[in-house]
Amino acid sequence: RREAKDDAPSCVVARRNRRELAVAFDEPPPDWVTEGRVVLELEPSSVTHDRLKLALRRMKDDKAGARWHAVLSEQAPRFNERPRSPPLQKQSLNPEQCAALDLCERAEELALGHGPPGTGKTTVLVEVIRAAVARGEKVIASAPSNLAVDNLVERLAAAGIDAVRIGHPARVLPSVIAHTLEMRTRAHESARIASDLMEEAISLRRSAAKRKSKRGPGRFSQSREQWREARSLVNEARALQDRAQAEVLDRAPVILATLTGLESRALGGRGFALAVVDEA
């Protein structure tokens, strides 16, 4: 008989083979998850659809955003007579790619480069990003799929651009893991302190659960006190983790995420001079 748990946590499948299944949690799961047998239920997620609808609604309601009106075809996009800056490697591009790069560099609100597969659209986007970084601009780059974002990260890294990839490490290519926000944050002093606090909180939670199960006076009050202390440590650890992530993102000239990943709490309140979407 399967017992349903009120505190059943959500997780992401990180790795799997014929004998093992590894899952990743965003925060420490309840103790019962690691005790005995558990049941995993695959659930559909409406997050992608909900976020895309919300983004369109925000754009339509932003009356002051002229750029959004151009995206929604409410007005024609405008172009300058000259590019913002001279291309860095124009000699390596073919004529069609040069024309696309020139269009992007002259765009006031919006530019769209299109063509069949294998014609070098991503190559052009990398050059657009490199030119923006050379001007000192902050860039947000995105794509619909994790694979397309990872491809951009690899291209930018090969071009010598410091890029930070937002997204769960379980969903990115092994070659990109070193560029993820989580891995880049681990080296930060605040993140190391946060990790120690989280381990201490987990230890307190286990101790509280054991104390509660034992007999004797004061066991419930002592257990509650340990739970309160554990929650306080978790909150402090999260604040330190957020601070470390913010400092990593502050230093990064280019930040990348999937289209739905742009709703990440880490990006809240940040502004960018240029937004780039591959496979738009």
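Preceding block: the structure.
Let us look at the structure shown here. (Residues numbered from 1 in each chain as written. Predicted model: local features only at pLDDT ≥ 70, side-chain atom pairs only at ≥ 80, totals over all residues. Heavy atoms only, no water.)

So, on to the overall build of the protein. A count of helical and extended segments in the protein gives eight helices and six strands. Among the 280 residues that make up the protein, the fraction classed as buried is 30%. Long-range pairs, those at least 24 residues apart, make up 63% of the contacts in the protein between residues at least 6 apart in sequence. A total accessible area of about 18,400 Å² is found for the protein, and carbon and sulfur atoms account for 50% of it. (Helix = DSSP H or I, 4+ residues; strand = E, 2+ residues; numbered from the N terminus. Buried < 20%, exposed > 50% of the residue type's maximum accessible area, 1.4 Å probe, protein only. Contact = heavy atoms within 4.5 Å. Areas by Shrake-Rupley, 256 points an atom, 1.4 Å probe, with all protein chains shown as cover.)

Quick look at the side chain of T122 now. Relative to the helices and strands, T122 resides in helix α4 (residues 121-134). When neighbours within four sequence positions are excluded, T122 is seen to be in contact with N151, L152, R155 and D278.

Grouped together as the largest cluster of nonpolar side chains are 18 residues, with contacts concentrated most on I129, V139, A141, L156, V254, L256 and V276. Those elements giving two or more residues to this core turn out to be α4, β3 (139-143), α5 (146-158) and β5 (254-258). Ranked by the residues each element gives to this core, the list is headed by α5, at five residues. Ignoring anything within four residues of it in the chain, the contact list for V254 reads I129, V133, V139, A141, L156, I161, D162, A163 and V164. Residues V164, L181, L249 and A252 belong to the second largest nonpolar core, which totals ten residues. (Core = buried A, V, L, I, M, F, W, Y, C linked by side-chain atoms within 4.5 Å.)

All chains considered together, the criterion is met by ten salt bridges. Note that R165 and D150 form a salt bridge whose closest N and O atoms lie 3.0 Å from each other. With R165 in strand β4 (residues 163-165) and D150 in helix α5, the pair connects residues that are 15 residues apart, well separated along the chain. The exposure classification of R165 matches that of D150, with both residues buried. The network of salt bridges with shared partners includes E105, R135 and E137. (Salt bridge = Lys/Arg side-chain N within 4 Å of Asp/Glu carboxyl O.)

Looking now at unusual backbone geometry. Positive phi, close to 55°, is recorded for E279, a residue that is not glycine. Position of E279 among the secondary structure elements: in the segment after β6 (274-277).

A separate point is the side chain of T258. Relative to the elements of secondary structure, T258 occurs in strand β5. Look at T258 and you get buried, because its relative accessible area is 8%. Among residues more than four places away in sequence, those in contact with T258 are S142, A143, P144, S145, N146, V149 and R165.

Bringing α5 into the picture now. Between its terminal C-alpha atoms α5 stretches 18 Å, which fits the 18 Å expected from 13 residues at 1.5 Å a residue. Where α5 is buried, its residues touch α4, β3, β4 and β5. Directly after α5, the chain includes G160, whose backbone phi takes a positive value near 80°. (Expected span 1.5 Å × (residues − 1).)

Turning next to the pairing of strand β2 (residues 21-24). The two faces of a sheet get side chains in turn, since along a regular strand they alternate between them. Relative to β2, strand β1 (residues 12-16) runs antiparallel, the two sharing four bridges. Residue pairing for β2: R16 is matched across the bridge by L21. Hairpin geometry of β1 and β2 is characterised by an intervening segment of four residues between the two adjacent antiparallel strands. (Pairing = 2+ DSSP bridges.)

Ordered by their spatial adjacency, four strands build an open sheet running β4-β5-β3-β6, and the pairing between neighbours is parallel. Two strands in the sheet have a free side with no partner beyond their single neighbour: β4 and β6. If you compare each strand with its neighbour and ignore which way they point, the axes differ by 20° on average. Alignment of β3 against β6, held across four bridges, turns out to be parallel. (Axes fitted to C-alpha atoms, helices over the stretch in contact; angles between N-to-C directions.)

As a further point, take a nonpolar patch on the surface. A surface patch of nonpolar side chains, about 390 Å² in accessible area, is lined by V13, L21, V23, V38 and L40. Checked against the element boundaries, L40 lands in the loop between β2 and α1 (47-61). (Patch = residues over 30% accessible without salt bridge, like charges linked within 9 Å, V, L, I, M, F, W, Y side chains within 5 Å.)

It is worth spelling out a negative patch on the surface at this point. Residues D196, E199, E200 and E229 make up a contiguous surface patch of negative charge. Sorting elements by how many residues they give to the negative patch places helix α7 (residues 189-213) first, with three residues. Note that D196 resides in helix α7. (Lys, Arg positive; Asp, Glu negative; His and termini not counted. Charge placed at Lys NZ, Arg CZ, Asp CG, Glu CD.)

With that settled, consider the packing of α4 against α5. Direction vectors running N to C along α4 and α5 enclose 55°, while the axes themselves pass 10 Å from each other. Taken as axis vectors, α4 and α5 run oblique relative to one another. Note that α4 runs across α5; the crossing there is right-handed. Between α4 and α5, the residues in contact are T122, T123, V126 and I129 and N151, L152, R155 and L156, respectively. Of the residues belonging to the contact of α4 with α5, the class tally is four nonpolar, three polar and one charged. (Parallel < 35°, antiparallel > 145°, perpendicular 65-115°, else oblique. Left-handed = near helix turned anticlockwise from the far one by under 90°. Nonpolar A, V, L, I, M, F, W, Y, C, P; charged D, E, K, R; others polar.)

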